[in-house]
Amino acid sequence: MNQDQLKLAAATAAIDYVEAGAVIGVGTGSTVDLFIDRLATIKSRIDGAVSSSVRSEEKLRAAGIRVLDLNESGPIPVYIDGADECTTNKHLIKGGGGALTREKIVAEASEKFVCIVDTAKIVDVLGAFALPVEVLPMAQSLIARKLTALGGQPVLRQGFETDNGNVILDVHNLKISNPVDLERKINQFPGVVTNGLFAIRGADVVLIGAADGVNKIS
């Protein structure tokens, strides 16, 4: 099986977590795109979706799925999203697509976070994928210096603006042995909106598309 087939297997398995009559949380990314395609086939069973990005909102609407604002939806039973890296402890790096802040908000508002990935995303230690940090534009240089002091090499994501009007620093060469502590530390820097570590609130279930089927970590 190629990587797209592995992603599709995980995305398809996530449909089992969609509750009838519920508003569900939907993330962002290539694996989530496949999930939205599957969700469209059962759209009559759900009341709508809250999305973590403008891009996913557009895809949901194009599929005929009602899109709600989080402020009107209330608590969400399940949030389905992918990841750029994932450990067996269900700690994640997210934000390769730039939607990390809204992803973190929707995850926090959800009772269960189901992460859908392929085997290439499973790692022993986070950090080979550059850690995205969303930053207010005026704090870009300040935060870059602080991230450098932590041992990382921050690089401005050129030509990119988040849905919130901010910039992203991608931090290379971090070996993240304690993701909970690092997530807290970076988020305390004034000017940081949030970073792409999902460890304080990690995934509840990880569905991994693999050659032998879909493996689950729960």
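Structure's up top.
Predicted, not measured: the structure shown is a model, and the values here were computed from it.

Trainee: Mind laying out the overall build of the protein chain, listing which residues take part and the relevant values?
Mentor: Within the protein chain, the secondary structure is distributed over 7 helices and 13 strands. Rg of the C-alpha trace for the protein chain: 17 Å, near the compact-globule value of 17 Å for 218 residues, within the 12% margin. C-alpha extents for the protein chain along the principal axes are approximately 50 × 40 × 30 Å. Counting only residues that meet the buried cut, the protein chain has 54% of its 218 residues in that class. Residue pairs in contact within the protein chain that sit at least 24 positions apart in sequence constitute 72% of those at least 6 positions apart. Surface summary for the protein chain: the accessible area is close to 9800 Å², and the carbon and sulfur share equals 48%. A gap of 2 Å separates the mean positions of the 22 positive and 26 negative side-chain charges of the protein chain.

Trainee: If you had to explain the sheet that holds strand S5 (residues 92-93) to someone new, which residues and values would you point to?
Mentor: Spatial ordering of the open sheet is given by S4-S5-S11, a layout of 3 strands whose pairing is antiparallel. Bordering the open sheet on either side are strand S4 (85-86) and strand S11 (197-198), each of which pairs with just one other strand. Here S5 runs beside S11; their pairing, made up of 2 bridges, is antiparallel. Following the sheet pairing, Leu92 is matched in S11 by Phe198.

Trainee: Talk me through the pairing of strand S9 (residues 167-172); I want residue IDs and the actual numbers.
Mentor: Burial analysis of S9 places 5 of its 6 residues in the buried class, the great majority of the element. Where strand S8 (residues 153-156) lies against S9, 4 bridges are found, and the strand directions are antiparallel. Its bridge partner being in S9, Val155 is matched across the sheet by Asp170.

Trainee: Run through the packing of aromatic side chains, naming residues and quoting values.
Mentor: Evaluated as defined, the whole model comprises 2 aromatic pairs. Residues Tyr79 and Phe113 carry aromatic rings whose centres are separated by 5.1 Å and whose planes lie at 45° to one another, so their mutual orientation is tilted. Taken together, the residues Tyr79 in strand S3 (residues 76-81) and Phe113 in strand S6 (residues 110-118) connect sequence positions 34 residues apart. In this structure Tyr79 comes out as buried when scored by relative accessible area, which is 0%. Relative to Phe198, the ring of Phe113 has its centre 6.5 Å away and its plane inclined at 65°; by these criteria the two rings are edge-to-face. Of the two residues, Phe113 is situated in strand S6 and Phe198 in strand S11; the sequence distance between them amounts to 85 residues. The lysine or arginine in question, Lys94, covers the ring of Phe198, its NZ or CZ lying 5.5 Å from the ring centre. In this structure, Lys104 is placed above the aromatic ring of Phe198, and the distance from its NZ or CZ to the ring centre is 5.0 Å.

Trainee: Account for the sheet that holds strand S2 (residues 48-51), with residues named and values stated.
Mentor: As summarised here, the arrangement of the 6 strands in space is S2-S1-S3-S6-S12-S13, forming an open sheet in which the pairing is mixed. In this open sheet, the two edge strands, each paired with only one partner strand, are S2 and strand S13 (213-217). Strand-to-strand twist in this sheet, taken as the mean axis angle between neighbours without regard to direction, amounts to 25°. Across 5 bridges, the pairing between strand S12 (residues 205-210) and S13 is antiparallel. Across the sheet, residue Gly209 finds its bridge partner in S13, namely Val214. Where helix H1 (residues 3-14) meets the sheet, it contacts S3, S6, S12 and S13, and its direction lies at approximately 160° from that of S6.

Criteria and cut-off values
- Residues numbered from 1 in each chain as written.
- Predicted model: local features only at pLDDT ≥ 70, side-chain atom pairs only at ≥ 80, totals over all residues.
- Heavy atoms only, no water.
- Helix = DSSP H or I, 4+ residues; strand = E, 2+ residues; numbered from the N terminus.
- Rg over C-alpha atoms; globule rule 2.2 N^0.38 Å.
- Buried < 20%, exposed > 50% of the residue type's maximum accessible area, 1.4 Å probe, protein only.
- Contact = heavy atoms within 4.5 Å.
- Areas by Shrake-Rupley, 256 points an atom, 1.4 Å probe, with all protein chains shown as cover.
- Lys, Arg positive; Asp, Glu negative; His and termini not counted.
- Charge placed at Lys NZ, Arg CZ, Asp CG, Glu CD.
- Pairing = 2+ DSSP bridges.
- Phe/Tyr/Trp six-rings, centres within 6.5 Å; stacked < 30°, edge-to-face > 60°.
- Lys NZ or Arg CZ within 6 Å of the ring centre and 35° of its normal.
- Axes fitted to C-alpha atoms, helices over the stretch in contact; angles between N-to-C directions.

Worth remembering: the numbers are spatial, not functional.
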